[in-house]
Amino acid sequence: MASTGRTTRASTRALATGANLSTPSTPTPSLKRKKSLKEGEANPAPAKKKSAVSTSKKDPDAGSDDQNSGSPSSSAATVENNSGPAPKVDVIPATLSFDFAEAKRHLINADSRFEKLFSKLTCRPYEELAAVEPFQTLASSILGQQISWKAARSIKHKFIRLFDPSLPEAPPAPGDKQIDFFPSPQAVATVNPAALRSAGLSARKGEYIVDLATRFSDGRLSAKKLAEGTDEEVYDMLIEVKGIGPWTVEMFSIFSLRRPNILPCGDLGVQKGVLRWVLASHSPKDAAHLKIAPERLPGNSEEDGQGVGASSNGSGMETPVASPAKEGNPDEDADGTSILPTPKASANPPVTPKKQKAKKAAIPPTPFTPSVFTSGPMGAPVTPIPLPDGLTVGGLKSRLAGKKTKKGLYLTPEEMQALTEPWAPYRSIAVWFMWSVIDDGVIS
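These numbers come from a predicted model, not from an experiment.

Thresholds, definitions, all that
Residues numbered from 1 in each chain as written. Predicted model: local features only at pLDDT ≥ 70, side-chain atom pairs only at ≥ 80, totals over all residues. Heavy atoms only, no water. Helix = DSSP H or I, 4+ residues; strand = E, 2+ residues; numbered from the N terminus. Buried < 20%, exposed > 50% of the residue type's maximum accessible area, 1.4 Å probe, protein only. Areas by Shrake-Rupley, 256 points an atom, 1.4 Å probe, with all protein chains shown as cover. Phe/Tyr/Trp six-rings, centres within 6.5 Å; stacked < 30°, edge-to-face > 60°. Lys NZ or Arg CZ within 6 Å of the ring centre and 35° of its normal. Salt bridge = Lys/Arg side-chain N within 4 Å of Asp/Glu carboxyl O. Core = buried A, V, L, I, M, F, W, Y, C linked by side-chain atoms within 4.5 Å. Contact = heavy atoms within 4.5 Å. Patch = residues over 30% accessible without salt bridge, like charges linked within 9 Å, V, L, I, M, F, W, Y side chains within 5 Å. Lys, Arg positive; Asp, Glu negative; His and termini not counted. Charge placed at Lys NZ, Arg CZ, Asp CG, Glu CD. Arc of directions from axis to C-beta. Axes fitted to C-alpha atoms, helices over the stretch in contact; angles between N-to-C directions. Parallel < 35°, antiparallel > 145°, perpendicular 65-115°, else oblique. Left-handed = near helix turned anticlockwise from the far one by under 90°. Nonpolar A, V, L, I, M, F, W, Y, C, P; charged D, E, K, R; others polar. pLDDT = per-residue confidence, 0-100.

**Here we look at the overall build of the chain**
- Across its full length, the chain carries 19 helices and 6 strands.
- Looking at the chain as a whole, 54% of its 444 residues are labelled buried.
- By element, 53% of the accessible surface of the chain is carried by carbon and sulfur atoms, the whole surface being about 18600 Å².

Below is the structure:
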């Protein structure tokens, strides 16, 4: 799959951490509370609560766009919250479809430098498993498209308050206990567009959310279908959703479905990492500049504690190439799910620096240069990665210095496929590390 969408740090966080559930079979506290109000004559409740969400299909005239809108409680129409039994939470189980130990052996045999990476860094999507709620993950990603993580956190909180107005008006601060509740696809599929605009969603983004919810509600999408489908079937199912493009599908496949052989060819951050990795295999001088920056990995950044950043400021992934079709409008249509893979992280804002320190025992706090970048396990030289026809070391260096291809890429999809062929069928694991590859100077 080749990725072509524009990304934001907020939407990346949503996909990179996925809607992780520690107890997937248990309804969230908010859902249990709603169920008890419906069933519990023994525990009488106050007067029936009103929801800010209207299920009316009437769409009033234009509403305001994302960030300058009122609170959800100011929505024009309200209806009784006739909540029935809590919907069954639809989750992707915390399992792998392949042998991770075998994947490690394969990559180390293909390139001895991976041995040091595996010893220093945890490949989180494939080693720290948790169940993932796909609707919450993808919805959170759409909510975070094209805006900063702070704006995304605010809009997401207003969005979920539409479905549970008893929640506090302000989102929890970073580091505080986060809200577990997220509305069901059935509830979101029937929401009034005006209510979504009151929560800060643009009309287009509201359309995306409702389309996603409708597909989960009517069964076209489900955790089972996504978990059991082939890579191609997953792509076909998700690419039909409004607001989801190729790059989003790839990130979801890596971080939520934990597929082993996904290569996001259109991701500039991955392209640059692969380019540096290849050049370092051809020259000890180039290898001396190569560093691994753990903070660039999804979930390790202080600003974006939940996922890979999608910016060009050196703190995370770079913005992928814009799609000429569905993602042509940079404000609305761009595919901005930068999977990283979100929740329980999807619901959580970035962690505070204090919490970041607590995690540093398992992750080096500063960039490191594994000795195997310049020599193999027994002192033998690292085998240079074969270059496809038409590529030279000098040409790759010029691209790294800024002379990209005509389409603005460091590497074309065909070149990416060829250079990473030895990693197959475990490209996804290697890609995880490529986001962290940097250099400490201009490679000469």
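**As for the packing of aromatic side chains**
- Per the counting criterion, the structure on display carries 14 aromatic pairs.
- An aromatic cluster of at least three residues, connected via ring pairs, comprises Phe100, Phe114, Phe118, Trp277, Trp423 and Phe433.
- The aromatic ring of tryptophan 277 is capped on one face by arginine 113, whose charged end is 3.9 Å from the ring centroid.

**Some remarks on the pattern of salt bridges**
- Inspection of every chain in the model, using the stated rule, returns 9 salt bridges.
- One salt bridge in this structure joins glutamate 415 and arginine 399, with 2.6 Å as the shortest N-O distance. Highlighted residues: glutamate 415 in helix 18 (residues 413-419) and arginine 399 in helix 17 (residues 393-400), separated in sequence by 16 residues. For the pair glutamate 415 and arginine 399, one class covers both residues: buried.

**Description of the nonpolar core**
- In this structure, Phe114, Val274, Trp277, Ile429, Phe433 and Met434 are the most contacted members of the largest nonpolar core, which totals 48 residues.
- When sequence neighbours within four positions are dropped, the list of residues in contact with valine 274 reads Leu411, Met416, Leu419, Thr420, Trp423 and Met434.

**Notes on a negative patch on the surface**
- Together, Glu232, Glu233, Asp236 and Glu240 make up a region of like negative charge exposed at the surface.
- With respect to the helices and strands, the residue glutamate 233 is situated in helix 12 (residues 231-239).

**Notes on the side chain of histidine 157**
- Within the secondary structure, histidine 157 is located in helix 7 (residues 149-161).
- Residue classification places histidine 157 among the buried positions, given a relative accessible area of 4%.
- Ignoring sequence-local partners within four residues, the contact set of histidine 157 consists of Pro168, Glu169, Ala170, Pro171, Pro172 and Ile179.

**Some thoughts on helix 17**
- Where helix 17 is concerned, the buried positions are Leu396, Arg399 and Leu400. What you see down the axis of helix 17 is that its buried residues fit within an arc of 100°, all on one side.
- Next to the buried residues of helix 17 lie helix 14 (268-282), helix 18 and strand 6 (437-439).
- Trailing helix 17 by a residue or two, glycine 402 shows a phi angle of about 125°, which is positive.

**Quick notes on helix 4 (residues 113-120)**
- Every buried residue belonging to helix 4 is among Arg113, Phe114, Leu117 and Phe118, and all of these are buried. Projected onto a plane normal to the axis of helix 4, the buried residues spread over an arc of 135° and lie on a single side.
- Buried residues along helix 4 sit against helix 3 (100-110), helix 14, strand 5 (290-292) and helix 19 (427-434).

**Quick word on the environment of glycine 245**
- Residue placement: glycine 245 occurs in the loop between helix 12 and helix 13 (246-255).
- By relative accessible area, glycine 245 is classed as buried at 0%.
- Sequence-wise, glycine 245 and tyrosine 235 are 10 residues apart; in three dimensions their C-alpha atoms are separated by 9.2 Å.

**Digging into the packing of helix 6 (residues 134-143) against helix 7**
- Packing of helix 6 against helix 7 brings their axes to within 9 Å, and their N-to-C directions diverge by 125°. Between helix 6 and helix 7, the angle falls in the class oblique. Where helix 6 crosses over helix 7, the handedness of that crossing is right-handed. Between helix 6 and helix 7, the residues in contact are Gln136, Ser140 and Leu143 and Ile155, Lys156 and Phe159, respectively.
- The class makeup of the residues in the contact of helix 6 with helix 7 is 3 nonpolar, 2 polar and 1 charged.

**Brief notes about the environment of isoleucine 160**
- The topology assignment puts isoleucine 160 in helix 7.
- The spacing of isoleucine 160 and phenylalanine 182 is 22 residues in sequence and 6.1 Å in space, taken between C-alpha atoms.
- Apart from residues no more than four positions distant in its own chain, isoleucine 160 is found in contact with Leu167, Ile179, Phe181, Phe182 and Pro183.

**Side note on the confidence of the model for the chain**
- Across the chain, the average pLDDT comes to 73, with 60% of residues at 70 or higher.
- Of all helices and strands in the chain, the one with the weakest mean pLDDT is strand 3 (residues 79-80) (34), whereas helix 12 scores best (98).
- The low-confidence segment residues 54-83 (pLDDT under 50) makes 70 contacts with residues lying over four places distant or belonging to another chain.
- In this model residues 371-380 is a low-confidence stretch, pLDDT under 50, and it forms 22 contacts with partners more than four residues away in sequence or in other chains.

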